[in-house]
Amino acid sequence: MPYAHITGWGMAAPETVLTNDDLSKMVETNDQWIRERTGIRERRIAKDGQTTSSLGVEAALKALTVANLRPTDLDLIICSTSTPDYIFPATACLIQDQIGATKAGAFDLLAACSGFIYAANMAAQAIRSGSIRNALVIGSETLSRFVNWKDRGTCILFGDGAGAFVLQASERPGGVYSAVMHSDGSGGDSLTLQGGGSRYPASEATIHEGRHFITMDGKEVFRFATRVMAQATHEALDAAGMKVEDVNWIVPHQANIRIIEAAARGLKLPMEKFVVNIERYGNTSTASIPIATVEAVEKGQIKPGDKLVMVGFGAGLTWGALTAEWTGPVPSKGHVYPAQYRALGRIRSFVRRAIRFIEGIIFRREL
Ligand code: UT7
């Protein structure tokens with residue numbers, strides 16, 4: 001049975017920075033409250049034209065470059081997001097087209113802030129089963145487009161960004177060891193975005209009622225989060241036959257520094273073992289774990305051979321954890337430039353659209 005190694009990683013963060021002081025000019029809040037209650041100092045906001053798929057493409061190309069893997073060698077693309085470009089087509093398909101991953105299957109996965117763990121687990125399982133060899137897992141969000149900028153209970157928390165991993169099959173032991181996934185839909189109403197689905201299709205009324213915005217019972221989510229973080233970590237470690245002492249790094253979902261501190265207390269681990277970058281990005285939902293991982297790898301904190309636990313929670317309610325041994329890029333011959341495939345992908349996409357257009361004219365004539 002092959003192992004599923006994480007061989008590539010990349011992230012994308014919009015350039016526009018929104019600080020707590022900026023927010024204090026928009027709603028009744030202040031820098032001190034936000035820092036003390038959440039640990040957030042600033043977050044990134046997508047500019048016009050930047051979307052979940054465009055951030056995903058940027059992160060994906062970086063991950064493929066690190067892995068030295070051609071987009072055309074990908075078998076599977078999973079995009080975890082709660083803020084897709086459209087309800088359909090899937091954001092994963094938009095990314096597949098833009099990077100020129102001609103033979104990959106592609107789909108979106110919605111498990112909110114736990115999504116990246118679910119998606120990495122699904123990709124790892126597909127590799128472990130032997131059905132695929134190369135997968136791209138992306139967590140991408142443009143939450144700023146769905147935040148009510150008049151609601152100080154939510155707008156201070158969220159930010160935009162994307163992170164991506166390449167997972168590859170290898171006979172060498174390592175990579176993703178175990179994962180646990182949980183859900184409890186009875187708590188679904190504590191964090192929602194209701195408008196635009198089949199229950200509340202977009203209408204004037206849904207706009208007036210604010211149903212196209214994120215709503216949250218912060219205290220409820222906080223309580224739930226502090227309960228499940230340590231529990232899911234222990235479960236994933238047990239499944240891998242590992243102990244808390246074996247772990248070099250915990251990469252938690254970056255939702256609130258107080259939630260991470262509670263998890264550290266629950267696991268009896270020092271905060272130094274936790275990768276934390278919430279201060280600069282806020283809560284980027286499913287993108288937060290890969291972004292934190294990428295930064296820790298680039299800073300030289302996470303090194304090949306290190307044992308990690310990624311753990312998250314979010315709307316659904318969902319939660320989960322994944323254990324892995326960090327591999328790093330696998331040695332490979334030659335140099336691949338995935339960005340060139342993006343240019344080729346654009347040409348290919350244009351040609352396919354043109355062919356479809358011509359076929360449309362011919363078929364209409366024949367009818
Ligand atoms: O990815 C998963 C997504 N969500 C989460 O993880 C969220 C989890 N929850 C939280 O992080 C926290 O509950 C919040 C940060 C959202 C809120 O923190 P809190 O410590 O639970 O604050 P609170 O709602 O209990 O409010 C405490 C006080 C209240 O004032 P009073 O009633 O004590 O006078 C609020 O009105 O702070 C006030 N407050 C604010 N003040 C300044 C609430 N929001 C703000 C604000 N600025 N932005």
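As the structure is a prediction and not an experimental result, all values here were calculated from the model.

1. A word on the overall build of the protein
The helix and strand tally for the protein stands at eleven helices and 13 strands. Against the 2.2 N^0.38 benchmark of 21 Å for 367 residues, the protein shows a C-alpha radius of gyration of 21 Å, consistent with a compact globule. When burial is assessed residue by residue, the protein has 54% of its 367 residues classed as buried. Long-range contacts, defined as pairs at least 24 residues apart, comprise 78% of the intrachain contacts of the protein with a sequence gap of at least 6. Total accessible area on the protein is roughly 16,800 Å²; 54% of this is exposed by carbon and sulfur atoms. Each charge class in the protein was averaged separately, 39 positive and 37 negative side chains, and the resulting centres sit 4 Å apart.

2. Re the sheet that holds strand β8 (residues 175-183)
With respect to topology, four strands assemble into an open sheet ordered β8-β13-β12-β11, the strand pairing being mixed. At either end of the open sheet lies a strand with only one pairing partner, and these are β8 and β11 (249-252). Across the sheet, the mean angle separating the axes of adjacent strands is 15° when strand polarity is ignored. Sheet topology places β8 next to strand β13 (residues 318-325); eight bridges connect them, and they run antiparallel. Looking across to β13, one finds that H182 is bridged to W319. Across the sheet, helix α5 (residues 115-128) is in contact with β8, β12 (307-314) and β13; its angle to β8 comes to roughly 130°.

3. Structural notes on the site of the ligand
Contacts to the ligand come from 22 residues, most closely from T29, R37, K219, H253 and N256. The contact in question runs from an oxygen atom of the ligand to an N or O atom on the side chain of K219, over 2.4 Å. In the environment of the ligand, an oxygen atom lies 2.8 Å from a nitrogen or oxygen atom belonging to the side chain of H253. Protein chains shield 73% of the accessible area of the ligand, which is 940 Å² for the free molecule. Ranked by residue count, the leading element in the shell around the ligand is helix α7 (residues 218-240), at four residues. Of the residues in the shell around the ligand, the class split is ten nonpolar, seven polar and five charged.

4. Brief notes about the side chain of E295
Mapped onto the secondary structure, E295 falls in helix α10 (residues 288-298). The class for E295 is buried, based on a relative accessible area of 12%. Residues contacting E295, with those up to four places away along its chain left out, are M11, N277, R280 and Y281.

Rules behind the numbers
- Residues numbered from 1 in each chain as written.
- Predicted model: local features only at pLDDT ≥ 70, side-chain atom pairs only at ≥ 80, totals over all residues.
- Heavy atoms only, no water.
- Helix = DSSP H or I, 4+ residues; strand = E, 2+ residues; numbered from the N terminus.
- Rg over C-alpha atoms; globule rule 2.2 N^0.38 Å.
- Buried < 20%, exposed > 50% of the residue type's maximum accessible area, 1.4 Å probe, protein only.
- Contact = heavy atoms within 4.5 Å.
- Areas by Shrake-Rupley, 256 points an atom, 1.4 Å probe, with all protein chains shown as cover.
- Lys, Arg positive; Asp, Glu negative; His and termini not counted.
- Charge placed at Lys NZ, Arg CZ, Asp CG, Glu CD.
- Pairing = 2+ DSSP bridges.
- Axes fitted to C-alpha atoms, helices over the stretch in contact; angles between N-to-C directions.
- Near = heavy atom within 4 Å.
- Polar contact = N/O pair within 3.5 Å; in protein donor to acceptor, adjacent residues only side chain to side chain.
- Nonpolar A, V, L, I, M, F, W, Y, C, P; charged D, E, K, R; others polar.

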